[in-house]
Amino acid sequence: ERMKKLWVIDFDNGGSATKSAYYPDNDNIKCWEPWVYLKGERTAYDYPGTHDRTMKIMQFALEEHDTLWGVLITGIDQWDNVATNCMRIQDLGLSKDGIEAADNRGAGSNERVQNQWDWAIRVTRFHQLTAMCRALVKRGVRVFWETHMKDVYKNGKVSSSDGQPAWEKSSAGYMFQIIHCRREDVIEEGEVVSETFTATFEKSKTDATLQGQRRTILTTRQNEKPNFMGL
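Here the structure is a predicted model, which is why all the values come from computation and not from measurement.

Novice: I keep staring at helix α2 (residues 47–63) and nothing clicks. Help me out?
Specialist: Side chains of residues three or four places apart in an α-helix project in the same direction, reflecting 3.6 residues per turn. Counted at 1.5 Å a residue, the expected span for α2 with its 17 residues is 24 Å, and the 25 Å between its end C-alpha atoms agrees. Within the sequence span of α2, burial applies to Tyr47, Pro48, Gly49, Thr50, His51, Thr54, Met55, Ile57, Met58, Ala61 and Leu62. A distance of 2.9 Å separates the backbone nitrogen of Gly49 from a side-chain oxygen at the start of α2, and that oxygen is part of Asp46.

Rendered as structure tokens:
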């Protein structure tokens, strides 16, 4: 039987970096570049173009679902940013480009979002990707989302234990599993001597035996080889 493929929609370049480092000769892993770049402008990203390109890649994935083992989307927080900027630039006409859209003071010709319900446009844009992913799951394709954690500050420092996934807040309701990955440092005499990477099943609708369970997936120690256990 022909081996099926893993496609990576790579918003934060983590997929391509991992493939290059660990699976350089595996042709069954394909990384897609979702970003569309502007030429001759002061801002690099074409946010509406990126949104459209991502949708086209996902439509192609639906057409090719029989050949796919899974689809991994890296940097869902970046997709959330795309949806927000599309709302401001294309849907509401409040900003002319990504630089203006990033200035939430409403300086110059840039304007603030006036009505709370206008933010529903961003949510709708965000969940266009969710809908495509759900359609893939119904066709037997495994879909994985990777996102960073929101920064939560305590006593002027970022807390490593209190952050929540950085994505549209209703996303959790669509997930069958949510796994929080964290790094814990062991410090001796003021220096980090080893690190432990853990994965905790915050949600597991498809396997109750994993609910709330924590696994150690990687340990490193100074001047020693890393120990990778996986999940």
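The discussion continues.
Novice: How should the sheet that holds strand β10 (residues 227–228) be read in this particular structure?
Specialist: Two pairing modes exist for strands in a sheet, parallel and antiparallel, and in both the strands are linked by backbone hydrogen bonds. Across the sheet, four strands lie side by side as β7-β8-β9-β10; this open sheet has antiparallel pairing. At either end of the open sheet lies a strand with only one pairing partner, and these are β7 (177–188) and β10. Of the pairings in the sheet, the one linking strand β8 (residues 191–204) to strand β9 (residues 214–221) comprises seven bridges and is antiparallel in character. Paired with Phe197 across the bridge in β9 is Leu218.

Novice: So what exactly am I meant to see when it comes to a positive patch on the surface here?
Specialist: On the surface, a cluster of positive charge is made up of Arg134, Lys138, Arg139 and Lys205. Looking at the secondary structure, you find Lys138 in helix α5 (residues 119–138).

Novice: Hey, could you run me through the side chain of Thr198 in this one?
Specialist: By secondary structure assignment, the location of Thr198 is in strand β8. With relative accessibility at 5%, the residue Thr198 sits in the buried group. Residues within four places of Thr198 in sequence aside, it is in contact with His180, Cys181, Arg182, Glu184, Arg214, Arg215, Thr216 and Ile217.

Novice: What should I look at first to understand the nonpolar core in this one?
Specialist: One recurring pattern in soluble globular proteins: nonpolar side chains tend to sit buried together. Counting 30 residues, the largest nonpolar core has Ile9, Val71, Ile73, Leu129 and Trp145 as its most contacted members. The residues contacting Val71, other than those within four sequence positions of it, are Leu6, Trp7, Ile9, Leu136, Val141, Arg142, Val143 and Phe144.

Novice: Mind showing me how you'd approach the packing of aromatic side chains here?
Specialist: Each aromatic ring pair is summarised here by two numbers: the centre-to-centre distance and the angle between the ring planes. Scanning the model with the defined rule gives twelve aromatic pairs in all. Ring plane angle 90° and centroid distance 5.6 Å describe the contact between Phe11 and Trp35, whose orientation is recorded as edge-to-face. Of the two residues, Phe11 sits in the loop between β1 (5–10) and α1 (14–22) while Trp35 sits in the loop between β2 (29–32) and α2, which places them 24 residues apart along the sequence. Of the two residues, Phe11 and Trp35, neither departs from the other in class, the shared state being buried. Taken together, the ring pairs in this structure connect Phe11, Trp35, Tyr37, Tyr45, Tyr47 and Trp79 into an aromatic cluster. In this arrangement the basic side chain of Lys30 is found over the ring face of Trp32, its NZ or CZ atom lying 4.6 Å from the centre.

Novice: Explain the side chain of Thr54 to me, please; I cannot follow it from the model alone.
Specialist: By secondary structure assignment, the location of Thr54 is in helix α2. You can call Thr54 buried: its relative accessible area is 1%. Engagement of the side chain of Thr54 in a polar contact is seen with the backbone oxygen of Thr50, the distance being 2.8 Å. Here Thr54 is in contact with Phe11, Pro34, Trp79 and Leu129, once residues within four sequence places are set aside.

Novice: Even after reading the chapter, I still don't get the pattern of salt bridges, so can you show me in this structure?
Specialist: Pairing of side chains with opposite charge becomes possible as their charged atoms draw close. Overall, the coordinates contain three salt bridges when judged by the stated rule. The salt bridge partner of Arg183 is Asp185, with a shortest N-O separation of 3.2 Å. Looking at Asp185, the relative accessible area reads 34%, which means it is partly exposed. Glu195 is the salt-bridge partner of Arg183, the closest N and O atoms lying 3.8 Å from each other. Taken together, the residues span a long stretch of sequence, with Arg183 in strand β7 and Glu195 in strand β8 at a distance of twelve residues. Arg183 sits in the partly exposed class, given a relative accessible area of 48%. For Glu195, a relative accessible area of 19% gives the class buried. When salt bridges that share partners are traced, they join Arg183, Asp185 and Glu195 into one network.

Criteria and cut-off values
- Residues numbered from 1 in each chain as written.
- Predicted model: local features only at pLDDT ≥ 70, side-chain atom pairs only at ≥ 80, totals over all residues.
- Heavy atoms only, no water.
- Helix = DSSP H or I, 4+ residues; strand = E, 2+ residues; numbered from the N terminus.
- Expected span 1.5 Å × (residues − 1).
- Buried < 20%, exposed > 50% of the residue type's maximum accessible area, 1.4 Å probe, protein only.
- Polar contact = N/O pair within 3.5 Å; in protein donor to acceptor, adjacent residues only side chain to side chain.
- Pairing = 2+ DSSP bridges.
- Patch = residues over 30% accessible without salt bridge, like charges linked within 9 Å, V, L, I, M, F, W, Y side chains within 5 Å.
- Areas by Shrake-Rupley, 256 points an atom, 1.4 Å probe, with all protein chains shown as cover.
- Salt bridge = Lys/Arg side-chain N within 4 Å of Asp/Glu carboxyl O.
- Lys, Arg positive; Asp, Glu negative; His and termini not counted.
- Charge placed at Lys NZ, Arg CZ, Asp CG, Glu CD.
- Contact = heavy atoms within 4.5 Å.
- Core = buried A, V, L, I, M, F, W, Y, C linked by side-chain atoms within 4.5 Å.
- Phe/Tyr/Trp six-rings, centres within 6.5 Å; stacked < 30°, edge-to-face > 60°.
- Lys NZ or Arg CZ within 6 Å of the ring centre and 35° of its normal.

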